[in-house]
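One letter stands for each residue in the lines below.
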Amino acid sequence: MEARAVVAKSVRVGGRLQEVATVRLLLVDLSSLYWPRWHSATKAQRPPETAARWTAEQVHRLAQAYDRAIICCDDGRSFRYELHPGYKAKRPPKDPVAVAHLADLRRELAADYRVAAADGFEGEDIIATVNANAAARDWAVDIASADKDVLQLVAPRTRVVDGNEPVDVLARMGVPASQVVAYLALAGDTSDGIPGCAGVGEKTAVALLRAYDSLGAIAGALAMGEALVDCKPRVGTLLREHWDSVMLSEKLARLRTDAPVGNAFGPEVKSAQWSDEDADDDDVVNVNVPPFAPSPELAAHAQANMRAAHESGDGAALSNACEAYRADYVLEMRASYRAHRVEWMRLLARERVVLACGCSAEWACHRGVLREDILPKLGAVDCGEIDAPPVRHEE
């Protein structure tokens, strides 16, 4: 899949607005990716571990185009079964071997990515919850899923990708993302056991939602005894008789955004590489050792340029030197985070964001890089630590 175009936002840095690239987040619906591959592998008489391998390869391939990736999983029995005993009732029992390999895959992926789940919630609810948190941070989100339920989440900064391309919700469903829940409530979903309204199919649901913006508008027309626009008279009768089923289906189709996943962007959601011992470790961080400091070559070159500009009294040259250092340093820091994610998490968990630095102009550059380019990707929101005077540790 082609990398998502960089989405920028305007922030105020040093009294002026600058365009800053926003974080690109990938949310993976693990079950949605795994089960089709399990059925394909079984049909082709492949070894049982094949589906897990194929799924892991796809996740790794997709994640390369993003700043962060979170694997979203089902956990326990969904609350929807309590709402409707017929929910997913027609699906055949899951193969225990397939379930075991899916659990192994989840543990394997936890070594490289954050895994988010909550008891009683489906992976799609986890996706909806994390997406809502990412939207509050103004992040750009792609959702890797083949499930039609997640299409309700599509928004200006949220896409659903199925295979290699973003999904066109209107072309696939006949309605925009804002009406997907209402569409499923009216037409139902046989594969998920969502009943909908008996006698109302996909075409009628689309026609209703083109004429009325929402289920509330349809209910209002029914309450007033009005003939429904672009529908046969029997459709109104069916809706009046089965409106309770429509309301139940709306609850089943709507994804929850309150799943208790904690802070899916910070150390609270722990991967297999994160342990309580890491969080309690009180060793002193050596700030002069990568990945927490710029490379010696970059630091020496930048210091020479900035000191020369400072001594010459040329403010523009000093500003240009700082910006050049910033650009190179951002590249180093991003590569460092990807290569040393656990060390970064340990550093931030102890709130010791300190860097070796030279003159004040250089420290200002460090601070700007941390504030605008590094900490947002790590989920840190309090920048007070990096506004303090620089700390130098003596050898």
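All of these numbers come straight from a predicted model, not from anything done at the bench.

Parameters and conventions
- Residues numbered from 1 in each chain as written.
- Predicted model: local features only at pLDDT ≥ 70, side-chain atom pairs only at ≥ 80, totals over all residues.
- Heavy atoms only, no water.
- Helix = DSSP H or I, 4+ residues; strand = E, 2+ residues; numbered from the N terminus.
- Buried < 20%, exposed > 50% of the residue type's maximum accessible area, 1.4 Å probe, protein only.
- Contact = heavy atoms within 4.5 Å.
- Areas by Shrake-Rupley, 256 points an atom, 1.4 Å probe, with all protein chains shown as cover.
- Salt bridge = Lys/Arg side-chain N within 4 Å of Asp/Glu carboxyl O.
- Phe/Tyr/Trp six-rings, centres within 6.5 Å; stacked < 30°, edge-to-face > 60°.
- Axes fitted to C-alpha atoms, helices over the stretch in contact; angles between N-to-C directions.
- Parallel < 35°, antiparallel > 145°, perpendicular 65-115°, else oblique.
- Left-handed = near helix turned anticlockwise from the far one by under 90°.
- Nonpolar A, V, L, I, M, F, W, Y, C, P; charged D, E, K, R; others polar.
- Core = buried A, V, L, I, M, F, W, Y, C linked by side-chain atoms within 4.5 Å.
- Pairing = 2+ DSSP bridges.

1. Here's the deal with the overall build of the chain
Of regular secondary structure, the chain possesses 17 helices and eight strands. Among the 395 residues that make up the chain, the fraction classed as buried is 48%. In the chain, the proportion of contacts linking residues at least 24 apart, taken out of those at least 6 apart, comes to 71%. Entry remark: accessible area of the chain is about 19700 Å², with carbon and sulfur atoms responsible for 52%.

2. Comments concerning the pattern of salt bridges
One pass over the structure, following the stated rule, counts 14 salt bridges. The partner of Asp125 in a salt bridge is Arg80, and the shortest N-O contact between them spans 2.7 Å. In this pair, Asp125 is assigned in helix H5 (residues 123–136) and Arg80 in helix H3 (residues 80–83), connecting sequence segments 45 residues apart. Taken together, the salt bridges that share partners define one network made up of Arg80, Lys88, Glu122 and Asp125.

3. Some remarks on the packing of aromatic side chains
Overall, the coordinates contain four aromatic pairs when judged by the stated rule. Ring centres of Tyr34 and Trp35 lie 5.2 Å apart, and the angle between their planes is 75 degrees; this geometry places the pair in the edge-to-face category. Arranged with centres 5.3 Å apart and planes meeting at 75 degrees, the rings of Tyr81 and Tyr87 form a pair that is edge-to-face. Residue class for Tyr81 comes out partly exposed when judged on its relative accessible area of 24%. For Tyr87, a relative accessible area of 2% corresponds to the buried category. In this structure an aromatic cluster arises from ring pairing among Tyr34, Trp35 and Trp38.

4. Considerations on the packing of helix H7 (residues 180–187) against helix H11 (residues 243–253)
Running from amino to carboxyl end, H7 crosses H11 at an angle of 135 degrees, the nearest separation of the two axes being 8 Å. Taken together, the axes of H7 and H11 are oblique relative to one another. Once H7 is placed against H11, the crossing between them reads as right-handed. For the pair H7 and H11, the contacting residues are Val181, Leu184, Ala185 and Leu186 in the first and Val246, Ser249, Glu250 and Ala253 in the second. Residue composition of the contact of H7 with H11, by class: six nonpolar, one polar and one charged.

5. As for the nonpolar core
Ranked by internal contacts, the top residues of the largest apolar core, which has 58 residues, are Leu27, Ile126, Tyr183, Leu186, Ile218, Leu228 and Leu239. With near-sequence residues (within four places) excluded, Leu239 lies in contact with Leu186, Cys197, Val200, Leu208, Ile218, Leu222, Leu228 and Val246. Grouped together as the second largest cluster of nonpolar side chains are 27 residues, Leu26, Leu109, Ala110 and Tyr113 included.

6. What about the pairing of strand E6 (residues 140–144)?
Taken across its five residues, E6 has five buried, putting it largely inside the fold. The alternating pattern of E6 places Ala140, Asp142 and Ala144 on one face and Val141 and Ile143 on the opposite face, and all of these are buried. Pairing analysis gives five bridges linking strand E3 (residues 24–29) to E6, with the strands arranged parallel. In the sheet register, Leu25 faces E6, and the bridge partner there is Val141. Examined bridge by bridge, E6 and strand E7 (residues 158–162) share four bridges and lie parallel to one another. Note on E7: the bridge partner recorded for Val141 is Thr158.

7. Focus: unusual backbone geometry
Even without being glycine, Gln45 reaches a positive phi, approximately 60 degrees. As for its placement among the helices and strands, Gln45 is situated in the loop between helix H1 (30–43) and helix H2 (50–63). Exposure remark for Gln45: the relative accessible area of 74% places this residue in the exposed category.

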